[in-house]
Amino acid sequence: GKGTGPDGDDSAGGDVAVTTPMLVLGDGAVIGADTGSDGDAGRVVVRSQSVSLFGGARIGSDSGLNIGELELVGAGAGGTVAIEAAGGQVSLAGSGTTISTSTRGSGSGGNVGINAAQLALDGGATIAASTTGAGAAGQIDITATEALRLKGIGTGVSTATEGAGAGGSLTVQAPSMSLEEGAAIFADTTGDGDAGGVRINVWDAGSLSLRSGARISSQSGREDGAVGAASGGTVTIEAAGGAVSLA
């Protein structure tokens, strides 16, 4: 669904709901509810026991659109994206493959929520909430009741701001978390909006493992020199009775 009316008006976008035992998206396929006007984007809700994305596939809701060479940016807010796979698995693979929300204008970005037994990302796949405009980025809330695995450079879960809008908070909860080979969980800012905070909760005396350049962080500025006027956020790791290892 698109939040832009037939004449670029401020009509709200419709919601998108998908319920299926198994969902497979590949080769650039998209499930989205976006807006390029002053109307809010719709919500995207996926209910499935098995969700698999690869090859640049996307599930998302954005405020701000590109149609050919035309960029449409309005005041509409991005919609929320919810993946409901309690007891099931969610996997994302490959560069450009993403579950995300974003905003380029004054409207706030939508939140991302994922609930699954197992969540795995590799090969540059991402879960993200970002802003490049005045609107605040959305929040990310992930619960994996069995395990979360991130692997590979460019693979990550992030909230980020490059504009005046604040970055969203990021919460990840699981009894077992593994980040390897440059994978990252982060909340960064390179603009004038402050970065969000990162909260990691490892329960059931479980384990958190970071290896081979993996990171969990919140920072202002990037290694390539992009610097804004804002502050990085806090990083909190809770692993009572569990183990945290870095190698």
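The structure displayed is predicted, hence computed values, not measured ones.

Trainee: Hey, could you run me through the pairing of strand β9 (residues 81–93) in this one?
Mentor: Note on strand geometry: in a regular strand, side chains alternate between the two faces of the sheet. In the sheet, strand β4 (residues 44–47) pairs with β9 via four bridges, with the strands oriented parallel. Residue pairing in the sheet places Val44 in a bridge with Val81 of β9. Sheet topology places strand β5 (residues 50–54) next to β9; five bridges connect them, and they run parallel. Each bridged residue has a counterpart across the sheet, and for Ser52 the counterpart in β9 is Ser91.

Trainee: Help me understand the environment of Ser218 in this model?
Mentor: Structurally, the position occupied by Ser218 is in strand β18 (residues 215–220). For Ser218, a relative accessible area of 16% puts it in the buried group. Between the C-alpha atoms of Ser218 and Thr159, which are 59 residues apart in sequence, the distance is 9.3 Å. Ignoring any residue separated from it by four or fewer positions in sequence, one finds Ser218 in contact with Ala187, Asp188, Ala195, Gly196, Val198, Gly232, Gly233, Thr234 and Val235. Polar side-chain contacts of Ser218 include one of 3.1 Å to the backbone oxygen of Gly196. A distance of 2.7 Å separates a polar atom in the side chain of Ser218 from the backbone nitrogen of Gly233.

Trainee: I'm lost on the packing of aromatic side chains in this one. Help?
Mentor: Each aromatic ring pair is characterised by the separation of its centres together with the angle its planes make. Throughout the structure, instances matching the rule amount to zero aromatic pairs. The aromatic ring of Phe186 is capped on one face by Arg215, whose charged end is 4.5 Å from the ring centroid.

Trainee: Help me understand the sheet that holds strand β10 (residues 98–103), please; the structure alone is not making it clear to me.
Mentor: Paired through backbone hydrogen bonds, the strands of a sheet run either parallel or antiparallel to each other. Read across the open sheet, the seven strands follow the order β3-β6-β10-β12-β14-β16-β18; overall the sheet is parallel. Each edge of the open sheet carries a strand with a single partner, namely β3 (30–32) and β18. Neighbouring strand axes in the sheet, compared pairwise and without regard to direction, differ in orientation by 10° on average.

Trainee: Could you clarify how one ought to interpret the pattern of salt bridges in this entry?
Mentor: Opposite charge on two side chains lets them pair, provided their charged atoms get close. Summed over all chains, the structure comprises six salt bridges. In this structure, Asp15 and Arg43 form a salt bridge, with 3.5 Å as the shortest nitrogen-oxygen distance. Placement of the pair is Asp15 in the segment before β1 (16–19) and Arg43 in the loop between β3 and β4, with a sequence separation of 28 residues. Relative accessible area serves as the criterion here: at 51%, Asp15 is assigned to the exposed category. Taking relative accessible area as the criterion, Arg43 reaches 45% and is therefore assigned partly exposed. A salt bridge links Arg215 to Asp188; the shortest N-O distance between them is 3.4 Å. Of this pair, Arg215 sits in strand β18 while Asp188 is found in strand β16 (residues 184–189), placing the two residues 27 residues apart along the sequence. Each of Asp34, Arg58 and Asp62 takes part in a single network of salt bridges with overlapping partners.

The rules behind the values
Residues numbered from 1 in each chain as written. Predicted model: local features only at pLDDT ≥ 70, side-chain atom pairs only at ≥ 80, totals over all residues. Heavy atoms only, no water. Pairing = 2+ DSSP bridges. Helix = DSSP H or I, 4+ residues; strand = E, 2+ residues; numbered from the N terminus. Buried < 20%, exposed > 50% of the residue type's maximum accessible area, 1.4 Å probe, protein only. Contact = heavy atoms within 4.5 Å. Polar contact = N/O pair within 3.5 Å; in protein donor to acceptor, adjacent residues only side chain to side chain. Phe/Tyr/Trp six-rings, centres within 6.5 Å; stacked < 30°, edge-to-face > 60°. Lys NZ or Arg CZ within 6 Å of the ring centre and 35° of its normal. Axes fitted to C-alpha atoms, helices over the stretch in contact; angles between N-to-C directions. Salt bridge = Lys/Arg side-chain N within 4 Å of Asp/Glu carboxyl O.

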